[in-house]
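Geometric and topological summary
Listed below are the residues making up each chain.
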Amino acid sequence: MLGKLMKYEIKATARWFLPLYGTMLIIAVINRFTLFSPYIEYRYMYAEPSVSLPGNSFFSVIRGIMSALMMFIYIMMFVGLFVATLIVTIQRYYRNLLGDEGYLMFTLPVKSWQHILSKLLISMLWHFLSSIAAICSILVLIPGEATAKIPDVFKRITELIGIHGIIILVLAIVSGLVFSILKIYTAVSLGHLFNKHRLLLSFVMYLGIEAVSQFIFMLLTIIAAETVFKPWKGISLFMLNADQFNCLFGIMAILTALLSAGLFILTGYLLNRKLNLE
Amino acid sequence: MHNILECENLSKHFGTVKALDSVTLSIPRGRIVGLLGPNGSGKTTFIKICCNLLTPTGGIIRIGGFEPGVDTKKIVSYLPEKNYLNNWMKVSDVLHFFKDFYNDFNIEKARDMLDKLRIDANTRLKTLSKGTKEKVQLILVMSREAQLYLLDEPIGGVDPAARDYILETIIKNYSENAAVIISTHLISDIEKILDDVIFLKDGQVILSKTVDEVRDESGKSVDALFREVFRC
């Protein structure tokens, strides 16, 4: 049943994201050709003095305007992509489960936690794909010589923190993502307990959850600083050795995973016992 | 098991408001039951509890022997008042959605009924009128071979000609093993298909009889009795 829910969740969301990714890449390709900066111009002039560039000519001005305009559109798209990913995450949960469509979803022979998990996993999938699309667009945009250095960067990081360090880092990022999505689900479910101003109250609930989780993190950080990390006193984040670095991120990953589990259970309880569709 | 639905002292409070107040009922299989009452009498609350969309404050309820949950959702086919269909889907997408999630969904039956009402399965729900969407929902709900059908105001938004077709559909599509509960305040339209009636008032059952008993004892139609009982 979870698989079926996920299948329909993908169907319902892909129609937003796929065109968005396509547009994003097209705009990146256009930028590749229009990209023009005085710096590049300058460099070319010195590298190859024989190449004559149309200095302050009319064309140069038009090119500059075009370039700036396309860059502006690209940056807007870039930001818009992540805003859209966030909005779709909220909207799918709010509308599909707690709006009128909830009458269909909650009368399917499916457990509440399966609804939450299917929404969560698909939202994570889109967060991941949006990031890939964003990275691809950057790769299209930047000169080839810079792209060629990327594998080296990865190699350096792996050398620094090791393969298990990379895994820990990825786990920390994934649990951070899970946590941030579940905060939204919990906030919307809590906001839904009220009869009026549900969206506004969901936002208030979100701020509340954020405050509480920040407080817990701070408390645990203080505790950790006085215990596990005591011997590290005076060392800045950049001076940590690989093991210390991995230990830090490992603990962060576990903490966020635990808090996420708490939110998942709370949200499941709210949908199970406190559901009150309009 | 004779009764498909049994509940005892079922209550639902919203703050200080008692939407349902100690309702005790049993509904046998093979019956079409009218759940009748004015607005705010608790009809929808009762149906939502049966569907596990609301958790009761007190009392017990069993459908086919199960408490509301995944097991009951498999055997209960529910038509809400709301339009719950995704607007971006085509009618045929929704058919497959139902087929995917309900083992008892008979897609052939659904296609057949759509044809009879001249609804093209390839149209997007967005482009259908409100009344047509309601018909599609009813077709979906009645194409399940369920054991309990819960129809909340099934004829509220459709024209009188379509009403007859809908009532016919309901009678034709439930088996002897199943029961149908129809909540409505348009009594005269559905009276002819009802076997039993339940009157709800302020969350309490004030009358639960067969239609024949109502006619024999009061000498009135259900509609006339309703108007008398709920006179403002």
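A quick note: this is a predicted structure, and the numbers were derived from the prediction, not measured.

**Here's the deal with the domain arrangement of chain A**
All names here are of chain A.
- Domain boundaries in chain A define domain 1 (1-145) and domain 2 (149-278).
- Contacts between domain 1 and domain 2 engage 16 residues on the former and 15 residues on the latter.
- When residues of the side of domain 1 that touches domain 2 are traced back to their parent elements, those giving at least two are α3 (58-98), α4 (102-105) and α5 (112-141).
- With eight residues, α5 is the single largest residue contributor to the side of domain 1 that touches domain 2.
- Of the residues belonging to the side of domain 1 that touches domain 2, the class tally is 10 nonpolar, six polar and no charged.

**Thoughts on the interface of chain A and chain B**
- Contacts between the two partners involve 18 residues from chain A and, on the opposite side, 17 residues from chain B.
- Elements represented by at least two residues in the side of chain A that touches chain B include exactly α1 (2-34) and α4 of chain A.
- Of the residues forming the side of chain A that touches chain B, the biggest block, four residues, is contributed by α1 of chain A.
- For the side of chain A that touches chain B, the per-class residue count stands at 10 nonpolar, two polar and six charged.

**As for the sheet that holds strand β9 (residues 204-210) of chain B**
Residues and elements named next belong to chain B.
- Reading across from one edge, β5-β6-β7-β3-β8-β9 is the order of the six strands in this open sheet, with mixed pairing throughout. Single-partner strands in this sheet number two, and they are β5 (76-79) and β9. Looking at each pair of strands side by side, their axes are set apart by 15° on average, direction ignored.
- With four bridges joining them, strand β3 (residues 32-36) and strand β8 (residues 196-201) adopt parallel strand pairing. Following the sheet pairing, L36 is matched in β8 by F199.
- Against the sheet, helix α1 (residues 43-50) makes contact with β3, β5, β6 (148-152), β7 (179-184) and β8, and its axis sits at roughly 145° relative to β6, the strand it touches most.
- Sheet contacts for helix α5 (residues 130-142): β5 and β6; angle to β5, the most-contacted strand, approximately 170°.

**Describing the sheet that holds strand β4 (residues 58-63) of chain B**
Residues and elements named next belong to chain B.
- Reading across from one edge, β2-β1-β4 is the order of the three strands in this open sheet, with antiparallel pairing throughout. This sheet does not close on itself; its edge strands, each paired only once, are β2 (17-28) and β4. Sheet twist, expressed as the mean angle between neighbouring strand axes with direction ignored, is 15°.

**Some remarks on the environment of S175 of chain A**
Residues and elements named next belong to chain A.
- Position of S175 among the secondary structure elements: in helix α7 (residues 150-191).
- For S175, a count of 20 C-beta atoms within 10 Å gives the class buried.
- Here the alpha-carbon distance between S175 and R95, two residues 80 residues apart in the chain, equals 25 Å.
- S175 has contacts with A253, T256, A257 and S260, leaving out every residue within four places of it along the chain.

**Topic: the pairing of β3 of chain B**
All names here are of chain B.
- Burial within β3 is extensive, with five of its five residues counted as buried.
- Burial of the side chains of β3 extends over both faces: I32, G34 and L36 are buried on one face and V33 and L35 on the other.
- In the sheet, β3 pairs with β7 via five bridges, with the strands oriented parallel. Paired with V33 across the strands is I181, a residue of β7.

**Considerations on the pairing of β7 of chain B**
- Of all the six residues making up β7 of chain B, five are buried; the element is thus mostly covered by neighbouring parts of the structure.
- In this fold, the crossover linking β6 of chain B to β7 of chain B by way of helix α6 (residues 160-173) of chain B has right-handed handedness.

**With respect to unusual backbone geometry**
- A positive phi is found at S22 of chain B, a non-glycine position, where the angle reads about 50°.
- Mapping S22 of chain B onto the fold places it in strand β2.

**Description of the nonpolar core**
- Judged by nonpolar contacts, the single largest core of 96 residues is most densely connected at C50, L148, Y149, L150, V180 and I181 of chain B.
- With nine residues, the single largest contributor to this core is α7 of chain A.
- Here this core spans two domains, since at least three of its residues come from each of domain 1 (1-145) and domain 2 (149-278) of chain A.
- In contact with Y149 of chain B, other than residues within four places in its own chain, are S77, V141, Y174, A178, V180 and I181 of chain B.
- M24, I27, L81 and A133 of chain A belong to the second-largest nonpolar core, a separate cluster that totals seven residues.

**Examining the environment of Y94 of chain A**
Residues and elements named next belong to chain A.
- Mapped onto the elements of the fold, Y94 is located in helix α3.
- Taking the C-beta count within 10 Å as the criterion, Y94 has 20 such neighbours and is therefore assigned buried.
- Sequence-distant contacts of Y94, defined by excluding residues within four places in its chain, comprise G99 and V188.

**Notes on the confidence of the model for chain A**
- Chain-level pLDDT for chain A is 87 on average; 89% of the residues reach the 70-or-more range.
- Mean pLDDT across the elements of chain A bottoms out in helix α2 (residues 38-47) of chain A (53) and peaks in α4 of chain A (96).

**Regarding the packing of α5 of chain A against α7 of chain A**
All names here are of chain A.
- Between α5 and α7, the least distance of the axes is 10 Å, while the angle of their chain directions is 130°. The orientation of α5 with respect to α7, classified from their angle, is oblique. Read as a crossing pair, α5 and α7 show a hand that is right-handed. In this structure, α5 contributes I116, L120, S123, M124 and H127 to the contact, and α7 contributes L177, V178, I181, L182 and Y185.
- Here the contact of α5 with α7 is built from residues that sort into eight nonpolar, two polar and no charged.

**Structural notes on α6 of chain B**
All names here are of chain B.
- With 14 residues, α6 ought to run about 20 Å at 1.5 Å a step, and its terminal C-alpha atoms sit 20 Å apart, in line with that.
- All of the buried residues in α6 are I166, T169, I170 and N173. Buried residues in α6, looked at end-on, bunch into an arc of 95°, giving them a common side. Facing away from the buried side of α6 by over 90 degrees, the exposed positions are P160, A161, D164, E168, I171 and K172.
- In this structure, the buried residues of α6 make contact with α4 (107-116), α5 and β7.

Calculation rules
Residues numbered from 1 in each chain as written. Chains lettered and ligands numbered in written order. Predicted model: local features only at pLDDT ≥ 70, side-chain atom pairs only at ≥ 80, totals over all residues. Domains from an automatic or database assignment. Contact = placed C-beta atoms within 7 Å. Helix = DSSP H or I, 4+ residues; strand = E, 2+ residues; numbered from the N terminus. Nonpolar A, V, L, I, M, F, W, Y, C, P; charged D, E, K, R; others polar. Pairing = 2+ DSSP bridges. Axes fitted to C-alpha atoms, helices over the stretch in contact; angles between N-to-C directions. Buried ≥ 20, exposed ≤ 12 C-beta atoms within 10 Å, placed from the backbone. Right-handed = clockwise from strand over helix to strand, strands pointing away. Core = buried A, V, L, I, M, F, W, Y, C linked by C-beta atoms within 7 Å. pLDDT = per-residue confidence, 0-100. Parallel < 35°, antiparallel > 145°, perpendicular 65-115°, else oblique. Left-handed = near helix turned anticlockwise from the far one by under 90°. Expected span 1.5 Å × (residues − 1). Arc of directions from axis to C-beta.

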